[in-house]
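# Summary of the model geometry
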Amino acid sequence: YNVVIAIMKFLIFILFFICGFSQSSLGKSSPTAHFKVLQMNIWQEGTMVKGGFVAIIDEIVRADADIIFFSEVRNYNGRQFVPRVLDALEKRGKHYYGNRKTALDVAILSKYKLSDQVEVYPDGEGSGSILRVTIQMGKQTIAAYSAHLNYTNYACYLPRGYDGFTWKKLEAPVNCVDSVLVANRKSWRDQSIRVFLQKVRKDIEKGYLVILGGDFNEPSHLDWQDDTKDKWDHNGLVIDWDCSILLYDGGFKDAYRVLYPNVETHPGFTFPSDNKDVPISKLAWAPEADERDRIDFIYYYYLPGFTPVKASILGPDSSIVRGRRMKENSQDSFIIPRSVWPSDHKALVVEFTYGKVGST
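The next thing to look at is the pattern of salt bridges. Proximity of charged atoms lets side chains of opposite charge pair with each other. Here the structure, examined in full by the defined rule, presents 23 salt bridges. Two residues, Arg-92 and Asp-58, come together in a salt bridge whose shortest N-O distance is 3.0 Å. Highlighted residues: Arg-92 in the loop between helix H3 (81-91) and strand S3 (97-98) and Asp-58 in helix H2 (residues 52-63), separated in sequence by 34 residues. Its relative accessible area of 40% is what places Arg-92 among the partly exposed residues.

It is worth spelling out the nonpolar core at this point. As a rule of thumb, nonpolar side chains are buried together in soluble globular proteins. Phe-35, Ile-67, Ile-211, Phe-216, Phe-252 and Phe-352 are the most contacted members of the largest nonpolar core, which has 51 residues in total. Among the elements that line this core, the one with the most residues is strand S7 (residues 140-149), at six residues. In this structure Phe-216 touches Ala-147, Leu-149, Arg-189, Ile-193, Cys-243, Leu-247, Ile-295, Phe-297 and Tyr-299, once residues within four positions along its chain are discounted.

Turning to the sheet that holds strand S10 (residues 296-301), a few remarks are in order. Within the open sheet, the six strands sit side by side as S5-S6-S7-S8-S10-S9. Their pairing is mixed. If you trace the sheet from one side to the other, it starts and ends with strand S5 (114-121) and strand S9 (252-254), each paired once. Averaged over all pairs of adjacent strands, the angle between their axes in this sheet comes to 20 degrees, without regard to strand direction. Pairing of strand S6 (residues 128-137) with S7, which is carried by 10 bridges, proceeds in the antiparallel orientation. What sits directly across from Gln-136, in S7, is Thr-141. Packing of helix H5 (residues 189-199) onto the sheet brings it into contact with S5, S6, S7, strand S8 (209-215) and S9, and relative to S5 it is tilted by some 140 degrees.

Look at the link from Tyr-121 to Pro-122: it is a cis peptide, with omega at 15 degrees. Following the sequence through the fold, Pro-122 ends up in the loop between S5 and S6. The phi angle at Asn-77 is positive, at roughly 55 degrees, despite the residue not being glycine. Within the element layout of this structure, Asn-77 appears in the loop between strand S2 (67-71) and H3. On the basis of relative accessibility, which here comes to 81%, the residue Asn-77 falls in the exposed class. At Arg-322, a position not held by glycine, the phi torsion is positive, near 50 degrees. Here Arg-322 is to be found in the loop between strand S12 (318-321) and strand S13 (324-327). Residue Arg-322 is classed as partly exposed on the basis of its relative accessible area, which comes to 42%.

Right, let's talk about the packing of H5 against helix H7 (residues 242-249) for a bit. The packing of two helices is summarised by the inter-axis angle and the distance between the axes. The contact between H5 and H7 brings their axes to 9 Å, and the two run at 15 degrees. The orientation of H5 relative to H7 falls into the category roughly parallel. Helix-helix and strand crossings are classified by hand; for H5 and H7 the assignment is right-handed. Judged by residue contacts, Arg-189, Asp-190, Ile-193, Arg-194, Phe-196 and Leu-197 of H5 engage Asp-242, Cys-243, Leu-246 and Leu-247 from H7. By residue class, the composition of the contact of H5 with H7 is six nonpolar, no polar and four charged.

Residue position: Ser-343 is located in the loop between strand S14 (334-335) and strand S15 (347-354). In this structure the side chain of Ser-343 is engaged in a polar contact, spanning 2.7 Å, whose partner is the backbone oxygen of Asn-41. For Ser-343, the contacting residues outside a window of four places in its chain are Asn-41, Trp-43, Val-49 and Asn-275.

A sheet is described by the order of its strands in space; here seven strands give the open sequence S3-S4-S2-S1-S15-S11-S14, paired in mixed fashion. Of all strands in the sheet, those with a lone pairing partner are S3 and S14, marking the two edges. Where strand S11 (residues 306-314) and S14 come together, two bridges link them in parallel fashion. Across the sheet, the residue bridging to Ile-313 is Phe-334, located in S14. Sitting on the sheet, H2 is in contact with strand S1 (33-41), S2, S11 and S14, with an inclination near 160 degrees to S1. With respect to the sheet, H3 is in contact with S2, S3 and strand S4 (106-110), its orientation differing from that of S4 by roughly 30 degrees.

The predicted coordinates should not be examined in detail at positions where pLDDT is low. Per-residue pLDDT for the protein averages 91, and the proportion of residues at 70 or more is 89%. Within the model, pLDDT remains below 50 along residues 12-30, and this stretch shows zero contacts once partners closer than five positions in the same chain are excluded.

Thresholds applied
- Residues numbered from 1 in each chain as written.
- Predicted model: local features only at pLDDT ≥ 70, side-chain atom pairs only at ≥ 80, totals over all residues.
- Heavy atoms only, no water.
- Salt bridge = Lys/Arg side-chain N within 4 Å of Asp/Glu carboxyl O.
- Helix = DSSP H or I, 4+ residues; strand = E, 2+ residues; numbered from the N terminus.
- Buried < 20%, exposed > 50% of the residue type's maximum accessible area, 1.4 Å probe, protein only.
- Core = buried A, V, L, I, M, F, W, Y, C linked by side-chain atoms within 4.5 Å.
- Contact = heavy atoms within 4.5 Å.
- Pairing = 2+ DSSP bridges.
- Axes fitted to C-alpha atoms, helices over the stretch in contact; angles between N-to-C directions.
- Parallel < 35°, antiparallel > 145°, perpendicular 65-115°, else oblique.
- Left-handed = near helix turned anticlockwise from the far one by under 90°.
- Nonpolar A, V, L, I, M, F, W, Y, C, P; charged D, E, K, R; others polar.
- Polar contact = N/O pair within 3.5 Å; in protein donor to acceptor, adjacent residues only side chain to side chain.
- pLDDT = per-residue confidence, 0-100.

Written out as structure tokens, the structure is:
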């Protein structure tokens with residue numbers, strides 16, 4: 001009897017061992033990794049709002065993103081912004097890496113070490129900024145690009161009856177798509193994306209995961225089609241905006257729109273954001289129009305196995321519409337600020353997973 005019991009125990013042990021080994025092998029054959037990205041226009045380093053710098057740190061701590069993209073880094077009075085942020089985060093128990101010196105008005109932070117930082121744009125004429133770094137997450141390399149494109153010639157104001165350069169009200173809205181796009185191209189935003197697409201080819205050829213986040217100061221073509229031509233003061237226009245068309249033609253996808261393709265239920269507006277601590281006159285430039293648009297983005301180069309799984313808007317769930325504060329009634333997912341919001345934009349948080357990249 002004792003011999004039988006011993007044999008049974010031995011067989012049970014062998015069975016558990018085999019099952020455990022099989023599960024472990026399965027996990028190793030198809031690993032799935034996860035990381036979170038935060039894109040944030042910090043409105044002159046948070047200086048436009050009382051307590052803005054501390055609020056930036058508060059929201060970074062709460063978002064707990066692995067990679068952070070900043071727009072409107074100014075390094076005022078010779079003080080480098082990135083070291084200030086890194087030190088403030090360290091005091092809150094959050095360790096990030098970031099390159100302490102760049103002449104551009106963008107920055108990238110990461111929980112993982114950064115290398116190969118390159119100022120991609122400006123490259124010759126034009127204005128705007130694109131910064132590149134590589135980030136090593138385990139065996140996977142990520143090429144991360146932070147962008148802040150030129151804010152002048154803000155052509156999406158033209159159909160709304162405002163000049164996108166002087167910000168003055170026009171006698172009538174511009175209802176010609178070609179005229180809008182001609183004005184848009186004076187911004188050099190399309191040129192900055194063309195340079196990016198040229199430079200990023202090497203990262204793609206090496207099999208890196210590529211993400212691009214920033215304030216584009218230009219809407220997406222996905223948001224200005226037939227379904228929205230009579231909404232949000234588009235005044236009947238369908239516009240294939242340059243930057244998003246170029247990126248899609250280059251193999252990139254808009255993470256927010258991949259997850260929420262219905263523009264009417266999930267418009268995802270990021271500008272102009274409401275901010276309870278700032279007068280409306282400082283938040284919006286077209287006071288008699290509905291100027292809401294999605295101009296802050298996180299793009300990724302599509303590869304099978306690399307996909308966004310969750311996206312939220314970080315910021316107030318209200319916007320400025322025709323010179324008034326208005327709560328959004330969309331189905332967008334908002335992460336509401338705990339107290340002070342440091343910006344006139346809303347931020348974006350996107351979570352990605354990747355397994356064996358390139359597998360189907």
